Amino acid sequence: MDFRGAHILSVNQFQRDDVELVFQVADRMEPCAQRLRVTKVLDGAILGNMFFEPSTRTRVSFGCAFNLLGGHVRETTDVESSSITKGESLYDTARVISGYSDVIVMRHPTPGSVSEFAEASRVPVINGGDGTNEHPSQALLDLYTIKKELQANGLDVDGMRIALVGDLKHGRTVHSLSQLLKTYQNIHLTFISPHELRMPAQIISDLRAAGHNVTETDDMECGLRENDTVYLTRLQEERFDSKLEADIYRGRFRLNQAIYTRHCKPNTVIMHPLPRDSRAEANELDADLNQHPNLAIFRQADNGLRIRMALFALILDVTEKIEESTNEITWYTGGSVRQ
Ligand code: NCD
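Just so it is clear, the structure is predicted and the values come from calculations on it, not from any experiment.

Time to look at the overall build of the chain. Helix and strand content of the chain: 12 helices and 11 strands. By the compact-globule yardstick of 20 Å for 339 residues, the chain fits well, its C-alpha radius of gyration being 20 Å. Seen through its C-alpha atoms, the chain measures out along the principal axes to roughly 55 × 50 × 40 Å. By the burial criterion, 54% of the 339 residues in the chain qualify as buried. At a minimum sequence separation of 6, the contacts of the chain that also span at least 24 residues come to 76%. By element, 47% of the accessible surface of the chain is carried by carbon and sulfur atoms, the whole surface being about 14900 Å². Taken together, the 37 basic and 47 acidic charged side chains of the chain have centroids lying 3 Å from each other.

Interface extent is often summarised as the accessible area lost during association of the parts. Along its sequence, the chain is organised into domain 1 (11-134 + 303-328) and domain 2 (136-298). At the junction of the two partners, domain 1 supplies 29 residues and domain 2 supplies 26 residues. At the surface where domain 1 touches domain 2, the tally comes to 5 salt bridges. Summed over the shared surface of domain 1 and domain 2, the number is 14 residue pairs in polar contact (both at pLDDT 80 or more).

The next point concerns the site of the ligand. Lining the immediate surroundings of the ligand are Thr58, Arg107, His135, Gln138, Arg172, Thr173, Arg234, Gln236, Pro273, Leu274 and Pro275. Here an oxygen atom of the ligand sits 2.8 Å away from a polar atom, N or O, in the side chain of His135. Contact with the protein chains removes 93% of the 310 Å² of surface that the ligand exposes when unbound. Using a 2 Å cut-off from the grid points, one finds that the ligand occupies the largest pocket.

With that settled, the discussion passes to the sheet that holds strand 8 (residues 213-217). Judged by pairing direction, the sheet is parallel, and its 5 strands sit side by side in the order 8-7-6-9-10 without closing on themselves. Across the chains shown, the open sheet's two edge strands, defined by having one partner strand only, are strand 8 and strand 10 (269-271). Within this sheet the neighbouring strands show an average axis-to-axis angle of 15 degrees, counted without direction. By the bridge criterion, 3 bridges tie strand 9 (residues 229-232) to strand 10 in an arrangement that is parallel.

Once that is clear, we can look at the sheet that holds strand 5 (residues 125-130). Reading across the sheet, the 4 strands line up as 3-2-4-5 and stay open at both edges, with parallel pairing between neighbours. Each edge of the sheet is formed by a strand with only one pairing partner; in this case those strands are strand 3 (72-76) and strand 5. For this sheet, the mean angle separating the axes of adjacent strands, direction not counted, is 15 degrees. Where strand 4 (residues 103-108) meets strand 5, 4 bridges bridge the pair, whose relative direction is parallel. If you follow Met106 over to strand 5, its bridge partner there is Asn127.

This paragraph deals with empty space enclosed by the protein. Taken as a whole and judged by the stated rule, the model has 1 cavity of 30 Å³ or more. Here the largest cavity defines a volume of roughly 140 Å³. Lining the largest cavity are 15 residues; nearest its centre among them are Thr233, Leu235, Tyr249, Gly251 and Phe253.

In this section: the layout of surface pockets. Empty space within the largest pocket amounts to approximately 420 Å³. Mapped by element, the contributors of at least two residues to the lining of the largest pocket are helix 3 (57-68) and helix 7 (172-180). By residue class, the composition of the lining of the largest pocket is 4 nonpolar, 10 polar and 7 charged. When residues are assigned to domains, the lining of the largest pocket turns out to be shared by domain 1 (11-134 + 303-328) and domain 2 (136-298), each giving three or more. Estimated volume of the second largest pocket: approximately 330 Å³. Looking at side-chain class alone, the lining of the second largest pocket contains 8 nonpolar, 8 polar and 6 charged residues.

The next thing to look at is a negative patch on the surface. Together, Glu196, Asp218, Asp219 and Glu221 give the surface a local cluster of negative charge. Examined against the element boundaries, Asp219 turns out to sit in the loop between strand 8 and helix 9 (220-224).

Here we come to helix 1 (residues 16-28). Compared with the 18 Å implied by 1.5 Å per residue over 13 residues, the 19 Å span of helix 1 between its first and last C-alpha is a close match. Contact partners of the buried residues in helix 1: helix 2 (30-33), helix 6 (136-152), helix 7 and helix 12 (297-315).

What counts, and at which threshold
Residues numbered from 1 in each chain as written. Predicted model: local features only at pLDDT ≥ 70, side-chain atom pairs only at ≥ 80, totals over all residues. Heavy atoms only, no water. Helix = DSSP H or I, 4+ residues; strand = E, 2+ residues; numbered from the N terminus. Rg over C-alpha atoms; globule rule 2.2 N^0.38 Å. Buried < 20%, exposed > 50% of the residue type's maximum accessible area, 1.4 Å probe, protein only. Contact = heavy atoms within 4.5 Å. Areas by Shrake-Rupley, 256 points an atom, 1.4 Å probe, with all protein chains shown as cover. Lys, Arg positive; Asp, Glu negative; His and termini not counted. Charge placed at Lys NZ, Arg CZ, Asp CG, Glu CD. Domains from an automatic or database assignment. Salt bridge = Lys/Arg side-chain N within 4 Å of Asp/Glu carboxyl O. Polar contact = N/O pair within 3.5 Å; in protein donor to acceptor, adjacent residues only side chain to side chain. Near = heavy atom within 4 Å. 1 Å grid on protein atoms, 1.4 Å probe; cavity = no way out; pocket = protein on both sides within 12 Å on 5 of 7 lines; lining within 4 Å. Sits in = over half its atoms within 2 Å of the grid points. Pairing = 2+ DSSP bridges. Axes fitted to C-alpha atoms, helices over the stretch in contact; angles between N-to-C directions. Points joined across faces, edges and corners; volume = space filled by probe spheres on them. Nonpolar A, V, L, I, M, F, W, Y, C, P; charged D, E, K, R; others polar. Patch = residues over 30% accessible without salt bridge, like charges linked within 9 Å, V, L, I, M, F, W, Y side chains within 5 Å. Expected span 1.5 Å × (residues − 1).

Structure, rendered in structure tokens:
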């Protein structure tokens, strides 16, 4: 695909070469993401960071990624304080905000809303999550993390075995990641969820049609066996009609040190898009795994910076200018490399 000026709305836009290109550019962002070097390659550019749903990592890392490239960030984080509450359409909002920005990231609770917004926008739009539908930048950073973690274990993405666990019906991160995996080969996917919260049938049939091996189960202990990666998710309680309904499933599937030791292969990589729900009644990923060397969740979150920097650099077509416009940082960092 041609990244220059492109909207990033769905993982289905990507071929394998496109994914690998994003990863190559992300690798080149390492010195800036690690605060060893600083660049002004996007000096003067403005990001419209529009979040109409709660977000910490996605909002802050998109903003920081743009800052790390030397650009400025304008945020709209609250529907209540925007004109959407006065009945303004997505079309009008897009026409207006795209006049103030060079690129826009948008998160919105309604599936399809970011595409609708992008159609009216005069600048590129990146989908930061549209309801239960998609979260393409998260899928890219998840796959980038899986690739790096597996490589460290002497494995490859092609042929890997991954278990995705939890609310697979409503989780946009697992929807996007599963679909992005179609660009690789011979993946074994095990979807572990309550029957009512299964992965959408269309995603499963697309994966099978692309030659991948898919198993569905509601038996966590069986499903965990033989995987190279296990990807936990939070119960998406905001997508349920009532808290009472969500309570039925809360805490059904958990991973902790004891379960990991008993049922996972020794080097299984542990992932979660975060936030993990650490309340006792949920606790899908126990803090007793915090020191585990295979717990990749914070490396995963860190990788979000590199991937989002790469997307901005590709869309705004500055990848060739990055190295020439970087300098040593001037401030004290304690000499530590972040990892
Ligand atoms: C996820 C999201 O918003 O879809 N968070 C994220 O972006 N890292 C997952 C979640 O909220 O459970």
